[in-house]
Amino acid sequence: VIVSVRNDLCPDVLAKAIAFNLPVLFEKPGAVSSTELRKISNAASANNLIFGAMYQNRWKKSMKQIKELVSSGALGPIIAVEARTVTSQVRYRDPSHWLFKKEYAGSGILSWLACHQLDLMCHILGKRVVEVSAMASNLNPEKITVEDTAVLNLKFESGVLGSMHAGYHMAGSNPGYAGGSYDNFLGIRGVGGYVRVPSATSDSYEIYSEVDGCVTEQLETREFVSLPSDAYGGEVGEDFVSDFLKASRDGLDAPVPIEDAVHVLEIVEAALESSETGRSVAVRN
C-alpha cells in the first residue's frame, strides 16, 4: 500500500494496513508526532511488516555516491555538515492550506520540507542526532500556526556538528506547491576533503579530496542524467517505489525504514522544544 494523506490522518491508515497484514510506503513525515509514529513502527515490527517512508532523495545517484564516499573515507574523518532548505514564501502556497495548521500538520517547514535534508545528513553519516539547539519562528506576514523559519545546530552521536537553515523565504516564486522556488544546499566536510550539493534542481555534486586513492586536483563537478518522468521525485522516485515493492516481496528492509522517519520527527520536536525553552535538548532515541 502507498499512503499519501494528511499528517494527522496517516497513523490511523497505517494501523489499518497493519490489521490487514500489508506492507506500506507512506508519505513523510507520517504523523504529527514521533510518539504516534513510534507506536506504528513498533506494531509493524511486531507483525514483521515492511514499513517505509518516502524519503526518495536517498535514491539520487549523487546521494548514493556521496554516501559511499563518506563511508569509504574519501573525505577523511568528518568534521561538520551543513544543510539549507529555503523555498517560496507562505503567500504563494495558500496560507489556508492544512500544511500551515498545527492540528493537522504537527509542525511546519521542518517536518514538511527540511525533513529531507535532516534525513540525508543522518543517512550519509550513518549516525543519529543526539542533541539540538534551535530557534524557530513565524516571520511571514500570514498568520499560520506552524514555524515558517528555523535555524538548527545539531550534534551527532559521532561528535560531528551540523547546521540546518530552513524557511518559506523566497519572493518571486510561481504560485502553488509544484511551482515553488528552492534554494537548497548540502555540505559535508572532512579532514581530507569536502562535498557540496548546491541545489535541488539537478542530480549533481562537487567534490574536493586529498585522500590517497581519491585525490582530485581541484574542485570537481559530477553530474548525472535521469530519464524524464512525471513521478514524485522523477525517475528516482520510480526506482525508489520499485525497490520498496521488491523489498516487500522479498522480506528485505524498506529503502527508508519507518524507524528513520521516527528519528526525523524526534529531531524536529527537539528543535521546537529548544526554541521554546532557550536550551539545548537531547534527542529521544
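Cut-offs used in this document
Residues numbered from 1 in each chain as written. Predicted model: local features only at pLDDT ≥ 70, side-chain atom pairs only at ≥ 80, totals over all residues. Heavy atoms only, no water. Phe/Tyr/Trp six-rings, centres within 6.5 Å; stacked < 30°, edge-to-face > 60°. Helix = DSSP H or I, 4+ residues; strand = E, 2+ residues; numbered from the N terminus. Lys NZ or Arg CZ within 6 Å of the ring centre and 35° of its normal. Core = buried A, V, L, I, M, F, W, Y, C linked by side-chain atoms within 4.5 Å. Buried < 20%, exposed > 50% of the residue type's maximum accessible area, 1.4 Å probe, protein only. Contact = heavy atoms within 4.5 Å. Axes fitted to C-alpha atoms, helices over the stretch in contact; angles between N-to-C directions. Left-handed = near helix turned anticlockwise from the far one by under 90°. Nonpolar A, V, L, I, M, F, W, Y, C, P; charged D, E, K, R; others polar. Pairing = 2+ DSSP bridges. Lys, Arg positive; Asp, Glu negative; His and termini not counted. Salt bridge = Lys/Arg side-chain N within 4 Å of Asp/Glu carboxyl O. Polar contact = N/O pair within 3.5 Å; in protein donor to acceptor, adjacent residues only side chain to side chain. 1 Å grid on protein atoms, 1.4 Å probe; cavity = no way out; pocket = protein on both sides within 12 Å on 5 of 7 lines; lining within 4 Å. Points joined across faces, edges and corners; volume = space filled by probe spheres on them.

Peer 1: Just give me the short version of the packing of aromatic side chains, but keep the residues and values in it.
Peer 2: For any two aromatic rings, the description comes down to two numbers: the centre-to-centre distance and the angle of the planes. If you walk through the whole model with that rule in mind, you get five aromatic pairs. With centroids separated by 5.6 Å and ring planes inclined at 80°, the aromatic side chains of W98 and W112 adopt a geometry described as edge-to-face. Here W98 is found in the loop between strand 4 (78-88) and helix 4 (102-105), whereas its partner W112 is found in helix 5 (residues 109-125), with 14 residues between them in sequence. Directly above the ring of Y104 sits R6, whose terminal nitrogen or CZ lies 4.1 Å from the centroid. K64 extends its terminal NZ or CZ atom over the ring of W59, reaching a point 4.6 Å from the ring centre.

Peer 1: Would you mind going over the nonpolar core in detail, with residue names and values included?
Peer 2: Formed by 50 residues in total, the largest nonpolar core has its most connected members in I66, L110, M121, V132, L152, L154 and F156. Looking at which element gives the most residues to this core, the answer is helix 5, with eleven residues. With near-sequence residues (within four places) excluded, F156 lies in contact with V81, M121, C122, L125, K127, R128, V129, V130 and G162. Core analysis: the second largest hydrophobic core is formed by 30 residues, V24, L49, A53 and W59 among them.

Peer 1: Describe the packing of helix 5 against helix 7 (residues 258-277), naming the residues involved and giving the relevant values.
Peer 2: Two quantities define a packed helix pair, namely the angle between the helix axes and the distance between the axes. Two numbers describe how helix 5 lies on helix 7: the axes approach to 9 Å, and their chain directions differ by 115°. Along this stretch, helix 5 crosses helix 7, giving a crossing that reads as right-handed. Each of L110, S111, C115, L118, D119 and C122 in helix 5 lies in contact with helix 7, whose residues at this interface are D260, H263, V264, L265, I267, V268, A271 and L272. Here the contact of helix 5 with helix 7 is built from residues that sort into ten nonpolar, two polar and two charged.

Peer 1: Can you tell me about the sheet that holds strand 4, naming the residues and giving the values?
Peer 2: A sheet is described by the order of its strands in space; here nine strands give the open sequence 11-10-9-8-4-7-6-5-12, paired in mixed fashion. The open sheet is flanked by strand 11 (220-224) and strand 12 (281-282), the only strands paired with a single partner. Here strand 8 (residues 182-190) pairs with strand 9 (residues 193-197) via five bridges, running antiparallel. If you follow G190 over to strand 9, its bridge partner there is G193.

Peer 1: Break down the side chain of R93 for me, with residues and values.
Peer 2: Tracing the sequence through the fold places R93 in the loop between strand 4 and helix 4. The buried charged residue R93 lacks any salt bridge, with E142 as its nearest oppositely charged partner at 11 Å. For R93, the side chain forms a polar contact with the side chain of S88, separated by 2.8 Å. What R93 contacts, discounting residues up to four positions off in sequence, is T87, S88, F100, L113, Y168, G176, Y177, G180 and Y182.

Peer 1: Explain the pairing of strand 6 (residues 149-156) to me, and be specific about the residues and the numbers.
Peer 2: For a regular strand, side chains alternate in direction, first toward one face of the sheet and then toward the other. Of the pairings in the sheet, the one linking strand 5 (residues 129-137) to strand 6 comprises eight bridges and is antiparallel in character. By the bridge assignment for strand 6, S137 is matched with T149. Across seven bridges, strand 6 lies against strand 7 (residues 161-170) in antiparallel orientation. Bridge pairing in strand 7 links L152 to M164.

Peer 1: Tell me what's going on with the side chain of S173, and back it up with residues and numbers.
Peer 2: With respect to the element layout, S173 can be found in the loop between strand 7 and strand 8. Overall, S173 belongs to the buried group, its relative accessible area being 8%. A polar contact is formed between the side chain of S173 and the backbone nitrogen of S181, at a distance of 3.1 Å.

Peer 1: Can you explain the layout of surface pockets? Please cite residues and give values.
Peer 2: Considered as a void within the structure, the largest pocket measures approximately 880 Å³ in volume. Together, 30 residues line the largest pocket, and Q56, N57, K60, Y182 and A200 are the ones closest to its centre. Counted by class, the lining of the largest pocket contains twelve nonpolar, 15 polar and three charged residues. The calculated volume of the second largest pocket comes to roughly 300 Å³. Together, 21 residues line the second largest pocket, and K102, G106, E147, L272 and E276 are the ones closest to its centre. Elements represented by at least two residues in the lining of the second largest pocket include exactly helix 4, strand 5 and helix 7. At seven residues, helix 7 tops the list of elements feeding residues into the lining of the second largest pocket. Grouping the constituent residues of the lining of the second largest pocket by class yields eight nonpolar, eight polar and five charged.

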